[in-house]
Amino acid sequence: MRQWPYSPAGRFLLYRPGQSEPAARLGSRALTLLPREGVQAYDALVRVDEQGPWIEYAQSTERFGGRLEGLTWVRPDGERWRLIPDTGAPPPGLAPRLSDPDAYRAALALHDALEEVAPGSEALRTVARQIELAPFYRCPACHNTFSRREDCALCQGEGFVSEWVDDSV
Ligand SMILES: [Zn+2]
């Protein structure tokens, strides 16, 4: 289960503080500044390391472009851009996502079972990929810990929340 809302399959519009028009678009790990200028397909890519997602500029000599903290892009200049999930029609060819919580819960259970009986298998990799792409992440309030999950008001005992839920504000 992811520890942050951002998923490589997620699509977001980014807003600068105090602006009502989006300043960038993010989808399939590629970030594009708006309005589009130049010929390159994107301006930055989202990378993920053990601390979570971070921005790598594609063109600039300084490649580190800050981190995604929850649903906020904290830029090197200190400006904080908000990520709002893009509800428009997904572009064709995008990988399907497990958007139903029941299906996601079943995938988590299947993942645990496969880890027991089929570690390293193709089936396990497929299920892990679906979990990674799904629009859910580990509850930021109870961290899916057994003792706190049951009474958690944010996730209602599920241990996970949807990518719409932001804990960075
Ligand atoms: Zn919770």
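Here the structure is a predicted model, which is why all the values come from computation and not from measurement. (Residues numbered from 1 in each chain as written. Predicted model: local features only at pLDDT ≥ 70, side-chain atom pairs only at ≥ 80, totals over all residues.)

Chemist: Tell me about the overall build of the protein chain, and please be specific about residues and values.
Modeler: The secondary structure content of the protein chain amounts to three helices and 10 strands. The helix and strand sequence of the protein chain, counted from the amino end, reads β-β-β-β-β-β-β-β-α-α-β-α-β. Compactness check: the protein chain gives a C-alpha radius of gyration of 17 Å against a globular reference of 15 Å for 169 residues, within 12% of the reference. Out of the 169 residues in the protein chain, the part that is buried amounts to 22%. Residue pairs at least 24 apart in sequence account for 42% of intrachain contacts in the protein chain once pairs closer than 6 positions are excluded. (Helix = DSSP H or I, 4+ residues; strand = E, 2+ residues; numbered from the N terminus. Rg over C-alpha atoms; globule rule 2.2 N^0.38 Å. Buried ≥ 20, exposed ≤ 12 C-beta atoms within 10 Å, placed from the backbone. Contact = placed C-beta atoms within 7 Å.)

Chemist: How would you sum up unusual backbone geometry? Please name residues and give values.
Modeler: Of the consecutive residues Leu34 and Pro35, the connecting peptide bond is found in the cis state with omega at -5 degrees. Within the secondary structure layout, Pro35 lies in the loop between strand S3 (30-33) and strand S4 (44-49). The backbone of Ser28 sits at a positive phi, close to 50 degrees, despite the residue not being glycine. Note that Ser28 resides in the loop between strand S2 (24-27) and S3. Phi is positive for Gln156, close to 55 degrees, though the residue is something other than glycine. Tracing the backbone shows Gln156 in the loop between helix H3 (146-149) and strand S10 (160-162). Here Gln156 falls in the exposed class, since 12 other C-beta atoms lie within 10 Å of it.

Chemist: I'd love a proper account of the pairing of S2, names of residues and values included.
Modeler: As judged from the four bridges shared by strand S1 (residues 11-15) and S2, these two strands associate in the antiparallel manner. In the sheet register, Phe12 faces S2, and the bridge partner there is Leu26. The hairpin turn running from S2 into S3, its antiparallel successor, is two residues long, and Ser28 in that turn takes a positive phi close to 50 degrees. (Pairing = 2+ DSSP bridges.)

Chemist: Give me the lowdown on the environment of Arg63, citing residues and values where you can.
Modeler: Note that Arg63 resides in the loop between strand S5 (52-57) and strand S6 (64-69). The exposure class of Arg63 is partly exposed, given the 14 C-beta atoms found within 10 Å. Residues Arg63 and Leu45, 18 residues apart in the sequence, show an inter-C-alpha distance of 10.0 Å. Residues contacting Arg63, with those up to four places away along its chain left out, are Glu56 and Tyr57.

Chemist: Outline the pairing of strand S8 (residues 80-85), listing residues and values.
Modeler: As paired strands, S1 and S8 are joined by four bridges and run antiparallel to one another. By the bridge assignment for S8, Leu13 is matched with Ile84. Here strand S7 (residues 72-74) pairs with S8 via three bridges, running antiparallel. Pairing of Val74 across the sheet is with Arg80, part of S8.

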